[in-house]
Amino acid sequence: MKISYKDTHEFREKEMEDLFLSVNWSSGHFPDKLVIAMKNFETVYTAWDDNKLVGLISAMDDGIMTVYVHYLLIRPEYQGKGIGKELVNKIKQRYKDYLRIVVIAYNDEIEFYEHCEFKKADDASPMFITDLWT
């Protein structure tokens, strides 16, 4: 297996659907919106096994100080092979002159992000509105 990495914003709906649903993310049910979202992100790096999209990281930034990692997902059968860490490293390199890179990690993801040199804030908690239109 030879993984290649790309800086791209162009995707087919089927690629988005397959990748996002492979990790059971509900946004995979809206591949048309994901295609548009990827075009709107400042930065998107992807991992490919030949022509198969196996991983993706996307980030938005304010242009000078703060970067927010929005998506990081790797197909389950490709997890544990260093792909996620390589994608994070690409973000870290791209934004090396910024003051901070922010990610909201779920509890089962904290160890991975700590391995990538992120530190958990003791004085902050993520907050969400997810059912805005229900």
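Residues numbered from 1 in each chain as written. Predicted model: local features only at pLDDT ≥ 70, side-chain atom pairs only at ≥ 80, totals over all residues. Heavy atoms only, no water.

1. Considering the nonpolar core
- Core analysis: the biggest nonpolar cluster contains 20 residues, and Ile57, Leu72, Ile83, Leu87 and Ile91 have the highest contact counts within it.
- Going through the elements one at a time, β2 (43–49), β3 (52–61), β4 (66–74) and α3 (83–94) are the ones with two or more residues in this core.
- Not counting chain neighbours up to four residues away, the residues in contact with Leu72 comprise Trp25, Leu56, Ile57, Gly84, Leu87, Val88, Phe112 and Tyr113.
- Counting residues in hydrophobic clusters, the runner-up holds 15 residues, among them Met16, Leu19, Leu34 and Val44. (Core = buried A, V, L, I, M, F, W, Y, C linked by side-chain atoms within 4.5 Å. Buried < 20%, exposed > 50% of the residue type's maximum accessible area, 1.4 Å probe, protein only. Helix = DSSP H or I, 4+ residues; strand = E, 2+ residues; numbered from the N terminus. Contact = heavy atoms within 4.5 Å.)

2. Observations concerning the pattern of salt bridges
- Tallied over the entire structure, the rule returns 8 salt bridges.
- When the shortest N-O distance is used, the salt bridge between Glu17 and Lys14 registers 3.9 Å. Separated by 3 residues within a single helix, Glu17 and Lys14 lie in helix α1 (residues 13–22), roughly one turn from each other.
- Close ionic contact of Glu117 with Lys92 constitutes a salt bridge, the shortest N to O distance being 2.8 Å. Placement of Glu117 in the segment after α4 (110–115) and of Lys92 in helix α3 is noted, with a sequence separation of 25 residues between them. (Salt bridge = Lys/Arg side-chain N within 4 Å of Asp/Glu carboxyl O.)

3. Some remarks on the packing of aromatic side chains
- Tallying each qualifying case throughout the model produces 7 aromatic pairs.
- Ring centres 6.0 Å apart and planes at 70 degrees place the aromatic pair Phe41 and Tyr71 in the edge-to-face group. In this pair, Phe41 sits in the loop between α2 (31–40) and β2 while Tyr71 sits in strand β4, placing the two residues 30 residues apart along the sequence.
- For Phe41, a relative accessible area of 10% translates into the label buried.
- Under the relative-accessibility criterion, Tyr71 is labelled buried at 12%.
- The interplanar angle of 75 degrees and the centroid separation of 5.1 Å between the aromatic rings of Phe112 and Tyr113 together place this pair among those described as edge-to-face.
- For Phe112, a relative accessible area of 30% corresponds to the partly exposed category.
- Owing to a relative accessible area of 8%, Tyr113 belongs among the buried residues under this scheme.
- An aromatic cluster is present here, built from Phe20, Trp25, Phe41 and Tyr71 joined pairwise through their rings.
- Residue placement shows Lys6 over the ring face of Trp48; its charged tip is 4.5 Å from the ring centre.
- Directly above the ring of Tyr95 sits Arg94, whose terminal nitrogen or CZ lies 4.5 Å from the centroid. (Phe/Tyr/Trp six-rings, centres within 6.5 Å; stacked < 30°, edge-to-face > 60°. Lys NZ or Arg CZ within 6 Å of the ring centre and 35° of its normal.)

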